[in-house]
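What follows is the residue order along each chain.
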Amino acid sequence: MARENGLSRRQWLVLTGQVGAAAAIAGCPSDSGDGGTTPTDTAMTGDGGDGGDGGDMDTQAQAGEPLDPEFTIPGDNLGGTSFSNKQFNQFVPGQTFGIPLLFGRLATPVRSGFAPAMAESWSIPSTLEEGTTVTVTIREDANWHNGDPVTAQDFVTEMKLERHVYGDNFNVWAYTGSVEATGEKTVELTLDSPVNPSIFKNQLLNSRITVKHDIYSDYLARFEEAQNEEEEKEVRSDIQSETIEDPYGNNAFKFDRKSSDRVRFVKNEDFWNADAVNVPAWDVRGIAFENLDSAVRSDTIEFKARTWPISGWTEKANWEVRSRVGSFGEGWAFNLSHEYFGQRKVRQAFAHIIDFAPIFVDWAVAAASVPVGKAEDLREQAMPTIPNGLSLQQTNHWFDNPEDTFTAYEKDDEKAMSLLREAGFSKDDGTVMTPDGDPWEPPIPAPGGWRPFIEGIANQLKEFGINAQLQQTGQFWSQLFPNGVPEDGGTTPWLWGGTPDGSANPHPFYPFEPYVGDGYYGPRLNWPDEVEVPMPVGNPDGSLETMTRQDIVDRVVALQQTSDDEEIQTLTKELAWIHNQLLPAIPLRQGIDNQHFSTDHWEWPPEGSEHDFANLAFDHIEAGWPKAKLE
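Worth saying up front: this structure is predicted, and the values here are computed from it rather than measured.

Chemist: Please explain the overall build of the chain as it appears in this structure.
Modeler: From N to C terminus, the chain includes 17 helices and 24 strands. A total of 631 residues make up the chain; the buried ones form 57% of that total. Sequence separation of 24 or more characterises 70% of the internal contacts of the chain that already satisfy a separation of 6 or more. When the accessible surface of the chain is split by element, carbon and sulfur atoms take 42% of a total near 23,900 Å².

Chemist: What am I meant to see in empty space enclosed by the protein here?
Modeler: Empty space among the atoms becomes visible once a probe the size of a water molecule is rolled across them. Taken as a whole, this structure holds six cavities of 30 Å³ or more when the rule is applied. Of the voids in this model, the largest cavity is the one considered here, and its volume is about 100 Å³. Together, F512, Y515, V516, W527, I552, V556, L575, I578, H579 and P584 line the largest cavity. Counting residues per element, the ones that place at least two in the lining of the largest cavity are α15 (509-516), α16 (549-561) and α17 (565-582). Its residues assigned to classes, the lining of the largest cavity comprises nine nonpolar, one polar and no charged.

Chemist: In this structure, what is going on with the sheet that holds strand β19 (residues 491-497)? I would like to understand it.
Modeler: In a beta sheet, neighbouring strands pair by backbone hydrogen bonds and run either parallel or antiparallel. Across the sheet, four strands lie side by side as β13-β22-β14-β19; this open sheet has antiparallel pairing. Looking along the sheet, the strands with just one partner apiece sit at the ends: β13 (303-306) and β19. Strand-to-strand, the axes of this sheet are offset by a mean angle of 25°, without reference to chain direction. Bridge count between strand β14 (residues 319-334) and β19: seven bridges; the pairing is antiparallel. Within β19, the residue paired with F328 across the bridge is G497.

Chemist: Which parts of the structure should I look at to understand the nonpolar core?
Modeler: Nonpolar side chains in soluble globular proteins tend to end up buried together. Core analysis: the biggest nonpolar cluster contains 155 residues, and F200, W282 and F350 have the highest contact counts within it. With residues near it in sequence (within four places) discarded, F350 still touches W332, F334, F341, W440, L461, I466 and I586. Core analysis: the second largest hydrophobic core is formed by seven residues, L292, V296, I301 and W319 among them.

Chemist: Whenever I open this one, the pattern of salt bridges confuses me. Can you help?
Modeler: Any two side chains of opposite charge can pair if their charged atoms end up close together. Applying the stated criterion to the full structure yields 24 salt bridges. Note that D256 and R257 form a salt bridge whose closest N and O atoms lie 2.7 Å from each other. For D256, a relative accessible area of 31% translates into the label partly exposed. Between K316 and D299 there is a salt bridge, with the nearest N and O atoms lying 3.8 Å from each other. With K316 in the loop between α7 (311-314) and β14 and D299 in the loop between α6 (292-297) and β13, the pair connects residues that are 17 residues apart, well separated along the chain. Three or more residues are tied together by salt bridges with common partners; here these are E70, D256, R257 and R264.

Chemist: Would you explain the side chain of H352 in this entry?
Modeler: Its place among the elements puts H352 in helix α8 (residues 344-353). Only 2.8 Å separates the side chain of H352 from the backbone oxygen of E410, close enough to count as a polar contact. Once residues within four sequence positions are removed from consideration, H352 is found in contact with Y409, E410, K411, D412, D413, K415, A416 and L419.

Chemist: Explanation requested: a negative patch on the surface in the structure shown.
Modeler: A surface patch of negative charge is lined by E339, D436, D438 and E441. As for its position among the elements, D438 is in the loop between β16 (431-433) and β17 (443-448).

Chemist: Help me out: how do you make sense of the pairing of strand β22 (residues 585-598) in this one?
Modeler: Two faces make up the sheet, and in a regular strand the side chains alternate between them. With 14 of 14 residues buried, β22 lies mostly within the body of the structure. Strand direction decides the pairing type here: β13 and β22, joined by four bridges, are antiparallel. The residue bridging F303 from the neighbouring strand is F597, located in β22. Bridge count for β14 against β22 is 12 bridges, and the pairing is antiparallel. Each residue of the ladder has a partner; that of R324, found in β22, is D593.

Chemist: Is there a simple way to explain the packing of aromatic side chains in this structure?
Modeler: Each pair of aromatic rings is reported with the distance of its centres and the angle of its planes. Evaluated as defined, the whole model comprises 31 aromatic pairs. Look at F399 and F406: their rings are 5.0 Å apart centre to centre, the planes differ by 85°, and that puts the pair in the edge-to-face class. The residues F399 and F406 share a single accessibility class, namely buried. What links up through ring pairs into an aromatic cluster is the set F71, F253, W282, F303, F597, W602, W604 and F618. Positioned over the ring face of W272 is R139, at 3.7 Å from the centre of the ring. In this structure, K627 is placed above the aromatic ring of W625, and the distance from its NZ or CZ to the ring centre is 4.7 Å.

Chemist: Please clarify how the sheet that holds strand β11 (residues 262-267) should be interpreted in this entry.
Modeler: Strands sit in the order β3-β12-β11-β10 across an open sheet of four strands; the sheet is mixed. Looking at which strands have only one partner, the edges of the open sheet turn out to be β3 (70-74) and β10 (253-259). Strand-to-strand twist of the sheet, defined as the mean angle between neighbouring strand axes without regard to direction, takes the value 20°.

Chemist: For this particular structure, what's the right way to read the pairing of strand β12 (residues 281-285)?
Modeler: For β12, a buried count of four out of five residues is recorded, marking the element as mostly surrounded by other parts of the structure. For β3 and β12, the ladder comprises five bridges, and the chain directions are parallel. By the bridge assignment for β12, T72 is matched with D283. Direction of pairing for β11 relative to β12: antiparallel, over a ladder of five bridges.

Chemist: Just to check I follow, could you spell out the environment of E242 for this structure?
Modeler: Along the polypeptide, E242 turns up in the loop between α5 (229-239) and β10. Contact partners of E242, with chain neighbours within four places excluded, come to Q87, N89, V92 and Y219. Side chain to side chain, E242 and Y219 meet in a polar contact 2.3 Å long.

Chemist: Looking at this model, I keep getting lost on unusual backbone geometry. Mind explaining?
Modeler: Only a minority of non-glycine residues have a phi that is not negative, and only a minority of peptide bonds are not trans. For the peptide bond that leads from M535 to P536, omega is 10°, which places it in the cis range. Relative to the assigned elements, P536 resides in the loop between β20 (530-535) and β21 (543-548). Residue P626 is bonded to the preceding W625 through a cis peptide linkage, with omega at 0°. Structurally, the position occupied by P626 is in the loop between β23 (602-603) and β24 (627-628). Not every positive phi belongs to a glycine, and N171 is a case in point at roughly 55°. Mapped onto the secondary structure, N171 falls in the loop between α2 (152-166) and β8 (176-181).

Criteria and cut-off values
- Residues numbered from 1 in each chain as written.
- Predicted model: local features only at pLDDT ≥ 70, side-chain atom pairs only at ≥ 80, totals over all residues.
- Heavy atoms only, no water.
- Helix = DSSP H or I, 4+ residues; strand = E, 2+ residues; numbered from the N terminus.
- Buried < 20%, exposed > 50% of the residue type's maximum accessible area, 1.4 Å probe, protein only.
- Contact = heavy atoms within 4.5 Å.
- Areas by Shrake-Rupley, 256 points an atom, 1.4 Å probe, with all protein chains shown as cover.
- 1 Å grid on protein atoms, 1.4 Å probe; cavity = no way out; pocket = protein on both sides within 12 Å on 5 of 7 lines; lining within 4 Å.
- Points joined across faces, edges and corners; volume = space filled by probe spheres on them.
- Nonpolar A, V, L, I, M, F, W, Y, C, P; charged D, E, K, R; others polar.
- Pairing = 2+ DSSP bridges.
- Axes fitted to C-alpha atoms, helices over the stretch in contact; angles between N-to-C directions.
- Core = buried A, V, L, I, M, F, W, Y, C linked by side-chain atoms within 4.5 Å.
- Salt bridge = Lys/Arg side-chain N within 4 Å of Asp/Glu carboxyl O.
- Polar contact = N/O pair within 3.5 Å; in protein donor to acceptor, adjacent residues only side chain to side chain.
- Patch = residues over 30% accessible without salt bridge, like charges linked within 9 Å, V, L, I, M, F, W, Y side chains within 5 Å.
- Lys, Arg positive; Asp, Glu negative; His and termini not counted.
- Charge placed at Lys NZ, Arg CZ, Asp CG, Glu CD.
- Phe/Tyr/Trp six-rings, centres within 6.5 Å; stacked < 30°, edge-to-face > 60°.
- Lys NZ or Arg CZ within 6 Å of the ring centre and 35° of its normal.

Here's what the structure looks like:
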């Protein structure tokens with residue numbers, strides 16, 4: 001098995017999907033993953049072991065016909081605005097569509113944990129060590145749309161295929177040795193390394209059952225018969241190029257028809273909780289971004305998830321917006337081995353120079369046409385945490401008085417220049433000079449869509465005396481981010497944070513791992529072999545302690561593995577302090593999830609209820625949300 005940084009790759013949980021502002025993976029909002037009986041308004045039974053969250057689901061049918069026979073949404077919330085090339089083989093990169101509607105999760109993420117869905121129960125021990133077994137039982141009345149039962153073998157085949165296609169770190173394979181069907185409806189997973197139960201639970205129970213064994217069994221057989229990597233690569237290519245001509249599924253809605261700009265899904269009358277679902281059909285429209293406003297104003301669509309709240313939408317009496325602070329945001333990152341930005345004091349100086357508050361207002365106005373007054377109101381909830389790798393909610397959860405522990409890096413030009421002088425810089429007639437005596441003119445990339453943000457940063461640097469050179473680049477995700485922080489400039493716009501679901505208060509492992517791990521940010525930040533961190537924790541003037549990247553990695557791995565609350569607290573404090581003093585990335589804006597929805601024909605989970613969580617339109621369809629208002 002390959003090893004990186006002295007660790008088996010299986011010791012790392014690699015976050016799946018995009019993190020940060022682009023994340024769309026739903027999960028548990030709790031960091032504890034505690035069991036116990038969870039009251040829900042869904043008719044599910046849970047099991048023990050971890051207390052398998054459960055309760056009773058109200059399946060009583062409602063009388064009357066829906067006021068609106070179709071729930072209409074823009075296609076970008078499901079994967080695109082043009083559907084000509086979209087299809088239903090989940091292994092085809094970038095081309096799959098409708099997965100949240102067609103395929104059910106093992107469990108539904110609710111505010112207090114998980115409520116059973118495709119799985120009627122699970123048993124996850126309170127301590128997970130090497131050799132521990134976990135069981136999941138698929139509900140008896142879970143069926144595919146053609147009437148075939150959803151079986152344990154379906155889920156096992158899916159998990160094994162995902163490992164072959166996506167690697168040893170996908171889902172719970174990071175610490176699982178085997179997955180086997182031990183009965184028609186029972187799956188048993190055996191661990192081969194320890195892991196914190198809440199991490200394991202989040203990852204496992206969020207899984208969707210998307211593979212029907214009889215459709216994909218030949219691929220699994222070919223993978224298992226492959227003699228070398230070349231043969232595995234051939235199978236991987238084949239499975240990722242097949243087109244599913246007859247879409248299938250097991251969730252509350254099934255595929256009806258598709259055109260180039262429209263896809264329709266209809267209610268699955270044989271769904272196990274069909275009595276709670278009263279929406280006849282979902283109509284997905286290929287509406288371009290620039291036409292969204294008019295689509296809302298004309299009541300063409302009923303729901304839209306947006307990073308920015310759109311004031312014009314909320315002016316309509318029948319539209320409501322719910323916001324929640326996420327665990328992600330925009331920020332500024334550094335090449336940690338750069339000639340200048342590789343120095344801790346230079347990065348700290350940048351943190352004292354940049355004031356994102358006025359930049360936020362300009363960005364909101366430019367990016368989403370938010371009025372200045374509204375942008376100023378939004379700024380208060382979007383101001384970032386003290387830079388320590390955690391979101392504001394996570395910081396407040398783990399630390400009683402974070403301002404007493406961490407350096408806040410408030411705007412302070414004198415402090416910034418003092419730090420730069422300690423790093424060998426100087427100032428000549430208002431211009432910052434490098435240690436070589438040249439005017440400092442670092443290039444700053446400005447990817448598409450980020451320009452108002454980047455221009456604000458560049459202008460503040462110029463006011464300070466650093467003649468930042470704006471460089472227009474391509475798109476952030478396709479060109480800038482995959483290549484990491486540019487070596488020539490050493491600094492770049494970035495995303496920080498990120499969890500499996502974007503929730504604000506999960507286990508602290510999630511936000512720390514990407515910065516030093518091998519999967520996401522780590523390689524792109526170009527970590528040096530050794531760094532110096534002032535110690536003890538809380539004393540920025542303490543003695544410098546030399547740490548290798550491996551020393552930091554070991555702390556993150558221990559945080560991933562331990563179930564001891566005191567050890568979690570200690571490791572979280574140490575890792576937050578290391579991040580606070582090293583500043584691999586500076587958070588500039590706390591991310592906000594905004595869910596815009598129409599209330600004229602639709603009912604939504606009451607605010608603060610179990611199902612008022614995450615992406616309102618998709619995460620609770622099996623529980624009957626949203627509900628159509630009746631005549």
